[in-house]
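Read off the chains here:
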Amino acid sequence: MRIGVLGGGQLGRMLALAGYPLGLSFRFLDPSPEACAGQVGELVVGGFLEEGALARFAEGLSLVTYEFENVPVEAVRFLADHLPVYPPPEALAVAQDRLLEKTFMQSLGVPTPPFHPVEGPVDLEEGLRRVGLPALLKVRQGGYDGKGQALLRTEEEAREALKALGGQGLLLEGYVPFDREVSLLSVRGLGGEVAFYPLVENRHHGGILRLSLAPAPGVSEALKRKAEDYAGRALAALGYVGVLALEFFQVGEELLFNEMAPRVHNSGHWTIEGAETSQFQNHLRALLGLPLGSTAPRGYSAMVNLIGQKPDFGEVLRLKGAHLHWYGKSVRPGRKVGHITLRRDRPQDLEEALPRLLFLAQAPAV
Ligand code: AMP
């Protein structure tokens, strides 16, 4: 059975690696001939809107999924006319737009930071009155890893950011003085079966995820239930199939929804070694209508991203419980080129080894 994946980055690569034990094969569509998933599966090089490339990609596939959320929805709808495509294209359309995703979650009764759409200076003024300062101005579409957004502390900064971000298609958001950021990875199967991974604590630096701690320390039963309830609402409303990642700001015992990713997610990489079933394999199981695997954690994990530099592999592998994932990409500043998951049976052992892990990954103090 051949699975088609839109996008050929590391998420696609890890999907394929998780699918091989199930006897699956993979074909990726990516505009870059260097796409790193091409090292572990067939790569069709072409634009997502090139009909010829889409046709070559779709030939003989059993189903299509994506590993990249900025795939044009038209391309996904075109494929969905011919083949099963999961998660549903509607989920992709919602997740691609910061205004739509926040409005959608709000309509399900999920709290969000205060927000206001901005299509020009008048909206900006009204938004600032409603939301207050400090605030963030974000592009509605296409921003990722902290790109396409600005922190606004003064009205002057707001006016400058409006210009710098293109003047329209923006979202103004109240700045949330959160205690921490957490994410919930959930998975829903073809038959509606649902499973949740434990909440994960995520630390960002410069808008990029640096460190995930799983399970997030100090999560109350009530907070866990709240996150699962919110995710359950989204999964049901979207008729979702596959892994869905939701990111939240935690303030006390409240969770404010920040964003969703209709795909496997960086904050779930720890599941490869740190959970009974990885997010990648559960995504595939969901799409294929197979029983979902247990999402129970195996001990305690910390995942650090390798960003713009190659660590000393020998030193990393010498660290007990460390698992190195190198994506086979060329190293460029700011680029995610790999990750390390450190897994230990006891939380105190993980905590003790954490400084060494951060040092090896040359991660900033987070
Ligand atoms: P985003 O791309 O929207 O996830 O934003 C990237 C990072 O910026 C988040 O992970 C937060 O660390 C920070 N951030 C985004 N929105 C807000 C907000 N409304 N309040 C405080 N921090 C934010």
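Before reading further, recall that the structure is shown in the block above.
What you see is a predicted model, and the numbers here were worked out from it, not measured in a lab. (Residues numbered from 1 in each chain as written. Predicted model: local features only at pLDDT ≥ 70, side-chain atom pairs only at ≥ 80, totals over all residues. Heavy atoms only, no water.)

A. Here's a closer look at the pattern of salt bridges. Tallied over the entire structure, the rule returns 20 salt bridges. In this structure, the salt-bridge partner of Arg2 is Glu42, at a minimum N-O distance of 3.5 Å. Of this pair, Arg2 sits in strand 1 (residues 2-6) while Glu42 is found in strand 3 (residues 42-45), placing the two residues 40 residues apart along the sequence. The class for Arg2 is partly exposed, based on a relative accessible area of 30%. Between Asp97 and Arg140 there is a salt bridge, with its nearest N and O atoms 2.7 Å apart. (Salt bridge = Lys/Arg side-chain N within 4 Å of Asp/Glu carboxyl O. Helix = DSSP H or I, 4+ residues; strand = E, 2+ residues; numbered from the N terminus. Buried < 20%, exposed > 50% of the residue type's maximum accessible area, 1.4 Å probe, protein only.)

B. Local environment of the environment of Gly239. As for its placement among the helices and strands, Gly239 is situated in the loop between helix 8 (221-238) and strand 13 (242-251). Look at Gly239 and you get partly exposed, because its relative accessible area is 37%. Put simply, Gly239 and Arg188 are 51 residues apart on the chain and 8.8 Å apart in space, counted from C-alpha to C-alpha.

C. Up close: the side chain of Gln10. When you line up the elements, Gln10 lands in helix 1 (residues 10-19). Residue classification places Gln10 among the buried residues on the basis of a relative accessible area of 13%. Excluding residues within four positions of it along the chain, Gln10 makes contact with Cys36, Glu67, Tyr327, Lys329 and Lys336. (Contact = heavy atoms within 4.5 Å.)

D. How the structure looks around unusual backbone geometry. Each neighbour pair has its own omega, and for Leu133 with Pro134 the value is -5°, a cis peptide bond. Mapping Pro134 onto the fold places it in the loop between helix 6 (121-131) and strand 6 (135-139). With an omega of -10°, the peptide bond running from Ala214 to Pro215 counts as cis. Its place among the elements puts Pro215 in the loop between strand 12 (208-214) and helix 8.

E. Representation of the site of the ligand. Neighbouring residues of the ligand: 14 residues in total, closest Arg98, Lys138, Val176, Glu181 and Glu259. In the environment of the ligand, a nitrogen atom lies 2.9 Å from a nitrogen or oxygen atom belonging to the side chain of Glu173. When the ligand is considered free in solution it has 470 Å² of accessible area, and contact with the protein chains removes 91% of it. Of all the secondary-structure elements, those providing two or more residues to the shell around the ligand are strand 6, strand 8 (170-174) and strand 14 (254-261). For the shell around the ligand, the residue count by class is five nonpolar, four polar and five charged. (Near = heavy atom within 4 Å. Polar contact = N/O pair within 3.5 Å; in protein donor to acceptor, adjacent residues only side chain to side chain. Areas by Shrake-Rupley, 256 points an atom, 1.4 Å probe, with all protein chains shown as cover. Nonpolar A, V, L, I, M, F, W, Y, C, P; charged D, E, K, R; others polar.)

F. Layout of the nonpolar core. Grouped together as the largest cluster of nonpolar side chains are 36 residues, with contacts concentrated most on Phe26, Trp270 and Phe280. Those elements that provide at least two residues to this core are strand 1, helix 1, strand 2 (25-30), strand 9 (180-188), strand 12, strand 13 and helix 10 (279-288). Per element, the largest residue contribution to this core is five residues, and it comes from helix 1. Contacts of Phe26, omitting those with residues within four sequence positions, involve Ile3, Val5, Leu15, Ala16, Gly19, Tyr20, Gly41, Glu42 and Leu284. Grouped together as the second largest cluster of nonpolar side chains are 24 residues, Ala95, Leu244, Leu246 and Leu255 included. (Core = buried A, V, L, I, M, F, W, Y, C linked by side-chain atoms within 4.5 Å.)

G. Focus on the sheet that holds strand 5 (residues 115-118). Taken together, the four strands give an open sheet; going across it, the order is 5-8-6-7, and neighbouring strands pair in antiparallel fashion. Each edge of the sheet is formed by a strand with only one pairing partner; in this case those strands are strand 5 and strand 7 (149-152). The sheet shows a mean angle of 20° between the axes of neighbouring strands, direction not considered. Note: strand 6 against strand 7, four bridges, orientation antiparallel. Considered in strand 7, the bridge of Ala135 is made with Leu152. In the packing of helix 5 (residues 98-107) onto the sheet, the strands contacted are strand 5, strand 6, strand 7 and strand 8, and the crossing angle to strand 5 comes to about 145°. Sheet strands touched by helix 6: strand 5, strand 6 and strand 8. Its angle to strand 5, the strand with the most contacts, is close to 175°. (Pairing = 2+ DSSP bridges. Axes fitted to C-alpha atoms, helices over the stretch in contact; angles between N-to-C directions.)

H. Structural detail: helix 5. Every buried residue belonging to helix 5 is among Arg98, Leu99, Glu101, Lys102, Phe104 and Met105, and all of these are buried. Sitting at the head of helix 5, Asp97 places a side-chain oxygen 2.8 Å from the backbone nitrogen of Leu99. Once helix 5 finishes, Gly109 follows within two positions and takes phi at roughly 85°, a positive value.

I. Broad picture of helix 12 (residues 347-360). Between its first and last C-alpha, helix 12 extends 20 Å over 14 residues, near the 20 Å set by a 1.5 Å rise per residue. Within the span of helix 12, buried status applies to Leu350, Ala353, Leu354, Leu357, Leu358 and Leu360. Buried residues along helix 12 sit against strand 12, strand 15 (300-307), helix 11 (313-318) and strand 17 (336-344). Gln362, located one to two residues past helix 12, shows a positive phi value of around 50°. (Expected span 1.5 Å × (residues − 1).)

J. Molecular detail of the sheet that holds strand 1. The parallel open sheet is built from four strands, whose spatial order is 3-2-1-4. Strand pairing shows two members of the sheet lacking a second neighbour, strand 3 and strand 4 (63-66), which therefore form its edges. Along the sheet, successive strands turn relative to each other by an average axial angle of 25°, direction set aside. In this sheet, strand 2 lies alongside strand 1 in parallel orientation, the contact comprising five bridges. Across the sheet, residue Arg2 finds its bridge partner in strand 2, namely Ser25. Each of strand 1, strand 2 and strand 4 touches helix 1; the most contacted strand, strand 2, lies at about 170° to it.

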